[in-house]
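Observations on chain architecture
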Amino acid sequence: MNLLQRSIATGLLLASPSLGYAQLEGSKPDQPPAHHPVPSIQDTETPAQHDARMAWWREARFGMFIHWGLYSIPAGTWNGKQVPGAGEWIMNNGSIPVADYKTLAPRFNPTGFSAHDIVALAKAAGMKYIVITSKHHDGFAMFDSKADPFNIVAATPFKRDPLKELAEECRKQGVKLGFYYSQDQDWTAPGGGAYATNGRHTPNNHWDKAQDGSFDEYLHKKAIPQITELLTNYGNFPVVVWFDTQAQMSPQNAADIVKLLNKYPKLIWNNRLGGGYKGDTETPEQYIPAQGFPGRDWESCMTINDTWGYKSNDTNFKSTETLLRNLIDIASKGGNYLLNIGPDSHGIVPQPEVERLQAMGQWMKVNGEAIYGTGATIFDTPTGTLSATEKGRDGKPKFIPTWNWRSTTKGNKVYIEIFQWPNGSFHLDKTPRHVTGAYLLADRAHKPLKITQNGESLDVQLPAQALDPIATVVVLNTTR
Ligand code: FHN
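Note on numbering: residues in each chain are counted from 1, in written sequence order. Local features in this predicted model are restricted to residues whose pLDDT is 70 or higher, and side-chain atom pairs enter the listing and the counts only when it is 80 or higher, whereas totals over whole chains, interfaces and linings include all residues. Note that water and hydrogens are dropped before the side-chain values are worked out from all heavy atoms of the structure.

Topic: the overall build of the chain
Under the convention used in this document: Numbering of helices and strands runs from the N terminus; a helix is a DSSP stretch of H or I covering at least four residues, while a strand is a stretch of E covering at least two. It is over C-alpha atoms that the radius of gyration is taken, and the globule rule equals 2.2 Å times the number of residues to the power 0.38. When accessible area is computed with a 1.4 Å probe and restricted to protein chains, residues below 20% of their type maximum are described as buried, those above 50% as exposed, and intermediate ones as partly exposed. In this description, contact between two residues means that some pair of their heavy atoms is separated by no more than 4.5 Å. The method behind every accessible area is Shrake-Rupley, applied with a 1.4 Å probe, and residues are considered shielded solely by the protein chains displayed.
For the chain, the count of helices and strands is eleven helices and 21 strands. Here the chain has a C-alpha radius of gyration of 23 Å; the compact-globule value for 480 residues is 23 Å, and the two agree. The principal-axis extents of the C-alpha atoms in the chain amount to approximately 75 × 50 × 50 Å. Per-residue burial over the chain gives 59% buried out of 480 residues. Taking all contacts inside the chain whose residues are at least 6 apart in sequence as the whole, residues at least 24 apart take part in 70%. When the accessible surface of the chain is totalled, it reaches about 19,000 Å², and 54% of it is carbon and sulfur.

This is the structure we're talking about:
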């Protein structure tokens, strides 16, 4: 059974022909083996210790994903032809030989990169943490690595370490920093993993003999030394390690990395390490699960357009309304939103992404209290319906969200984020708490709104106009 067959057999791999790459279904929680070769922190900590470790992450609710690397140079086009799929998958989708792909490195000189500006943009958006690709599947390290010369300091005229510069800026500006690392797939290192695309099923899905070799050797001579560098060379960072596409990681492979992670007891890491380790967070990708993951921390990661890594022809940017309502919807289900930007080959963030993040930040400045540190809704009002015809990624009836309102909670406050402004009053058939008062969060005076309660039902008298066209927040003071 080759990698692809094994991956599908383990249910970890959903081929996504429309995107031209195999999409790992990060939302299917691994079934951990009866034991782990090396117990992870999740195996040994108490619930109180876990809550303390996750506290800042649950407070944050909103983070910036950054996919940036050599792939931003071709930006979706190779030898004059557009290559389908995400920008960062161009080497795989285009079956580009290793030697040809490596010619990008001496051309990479992103002097437009400003760690200050990117961290300031995250802050302006209301984002509390950043996760950047330190090494994606192409095997190119965006940091100063002594473990492998195919990196931004040793192999490019840029010679700077963007992760070091981001770490310094994040410390200055009070933003947390995490690193994404592709521990399994590595398309330029001998023995590195590769997912199949374009119907290619070669041994290990490689398309160039230069990729062949021992996975164990790759893991122990490149991946684990680089993860060690990432954990030791950036001061108090990373606070998050974001693993990805773990298809061929055995329990022992994963345990060899867990040994490292265990040295950093505050570190948060996701459910994509592999080897049966479930990590701290579920990672639904490009969608929002209908009910979230009750009892688990989870983070929905999404692009602003359709690609993670920069593609010059991808201008399908989501509206600020969609992005903000996604954030609210995710928070109302107890999750975090990790929203991606894809800097170009000069290190510049595409202007449409800058504009949307700044607009989100304007809303967050006024209404962030309804998002940061909140818990999921206390109402069982459905937030959508199941399609009678369409299927979701999991093959079940697709969940179609309705965008009337959502709700988040924090202590005795219940926040109602209203998308469709009602005439006259906002009505709830069943309020599980006693409501003692209500006001509009964006009204600085917090002028009381007239409320009427009959048993469990509640009506809140509203002004004729919403205070915000995307979402106006009504705050209910309650007793439990
Ligand atoms: O293959 C990667 C993809 O390029 C991107 O990094 C996403 C982000 O979550 N993760 C994998 C696909 O699931």
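Side note on the site of the ligand
Quick note on the threshold: The criterion for a residue being near a molecule or strand is simple. One of its heavy atoms has to lie within 4 Å of it. Under the rule applied, a polar contact is a pair of N or O atoms within 3.5 Å (in protein, one hydrogen donor and one hydrogen acceptor; residues adjacent in sequence only if both atoms are side-chain atoms).
Neighbouring the ligand are 16 residues, the closest being His 67, Glu 88, His 137, Asp 244 and Glu 285. Residue His 136 places a side-chain N or O atom 2.8 Å away from an oxygen atom belonging to the ligand. At 2.7 Å from an oxygen atom of the ligand is found a side-chain nitrogen or oxygen belonging to Glu 285. Coverage of the ligand by the protein amounts to 100% of the 330 Å² it exposes when considered alone.

Overview of the pattern of salt bridges
What counts here: Whenever a carboxyl oxygen of Asp or Glu lies within 4 Å of a side-chain nitrogen of Lys or Arg, that contact is scored as a salt bridge.
In this structure the tally under the stated criterion is 21 salt bridges. Taking the shortest distance from any N to any O, the salt bridge between Arg 296 and Glu 282 comes out at 2.7 Å. Taken as a pair, Arg 296 in the loop between strand E10 (281-282) and strand E11 (297-302) and Glu 282 in strand E10 lie far apart in primary sequence, 14 residues in all. With its nearest N and O atoms 3.0 Å apart, the salt bridge here joins Lys 333 to Asp 329. Of the two residues examined, Lys 333 and Asp 329, each falls in the buried class.

Topic: the sheet that holds strand E3 (residues 62-66)
Cut-off, in case you're wondering: Only strands that DSSP links by at least two bridges are regarded as paired with each other. Here the axes come from fitting lines to C-alpha atoms, over the contacting stretch only for helices, and the angles between their N-to-C directions go from 0 to 180 degrees.
Overall, parallel pairing links the eight strands, which are arranged E9-E8-E7-E6-E3-E12-E11-E10 in an open sheet. The sheet is open, and its two borders are formed by strand E9 (268-269) and E10, each paired with just one other strand. Relative to strand E7 (residues 176-181), helix H7 (residues 162-173) is tilted by about 155°, and along the sheet it contacts strand E6 (129-135) and E7. Sitting on the sheet, helix H11 (residues 351-367) is in contact with E3 and strand E12 (336-341), with an inclination near 150° to E12.

Here we look at the packing of helix H6 (residues 115-125) against H7
Axes are the key here: two packed helices are described by the angle between their axes and the distance separating the axes. Heads up, the condition is: An angle below 35 degrees is read as roughly parallel, one above 145 as roughly antiparallel, one from 65 to 115 as roughly perpendicular, and any other as oblique. Helix crossings are classified by the rotation of the near helix relative to the far one: an anticlockwise turn of less than a right angle makes the crossing left-handed, while a clockwise turn makes it right-handed. Residue polarity follows a fixed list, in which Ala, Val, Leu, Ile, Met, Phe, Trp, Tyr, Cys and Pro are nonpolar, Asp, Glu, Lys and Arg are charged, and the others, Gly among them, are polar.
Where H6 contacts H7, the two axes come as close as 9 Å, and the packing angle between them is 45°. Here H7 runs oblique to H6, going by the angle between their axes. Considering the relative orientation of H6 and H7, their crossing is right-handed. Residue-level inspection shows Ala 115, His 116, Ile 118, Val 119, Ala 120 and Lys 123 of H6 in contact with H7, the latter providing Glu 165, Leu 166, Glu 169, Cys 170 and Gln 173. Taken together, the residues of the contact of H6 with H7 break down into six nonpolar, two polar and three charged.

A closer look at the packing of aromatic side chains
Counted only if it meets this: Pairing of aromatic side chains here covers Phe, Tyr and the six-membered ring of Trp, requires ring centres within 6.5 Å, and sorts the geometry by plane angle: under 30 degrees stacked, over 60 edge-to-face, intermediate tilted.
Per the stated rule, a full pass over the model turns up 20 aromatic pairs. Centre to centre, the rings of Phe 65 and Trp 308 are 5.6 Å apart; their planes meet at 70°, and the pair counts as edge-to-face. Remark: Trp 308 occurs in the loop between E11 and helix H10 (320-332) and Phe 65 occurs in strand E3; sequence separation between them is 243 residues. In this structure Trp 308 comes out as buried when scored by relative accessible area, which is 4%. Between Trp 68 and Phe 108, the aromatic rings sit 5.7 Å apart at their centres with planes inclined by 65°, giving edge-to-face as the arrangement. Within this pair, whereas Trp 68 is found in the loop between E3 and strand E4 (77-78), its partner Phe 108 is found in the loop between helix H5 (98-102) and H6, the two being separated by 40 residues in sequence. Side by side, Trp 68 and Phe 108 carry an identical accessibility label, which is buried.

Read these as layout, nothing more, since geometry by itself doesn't imply function.
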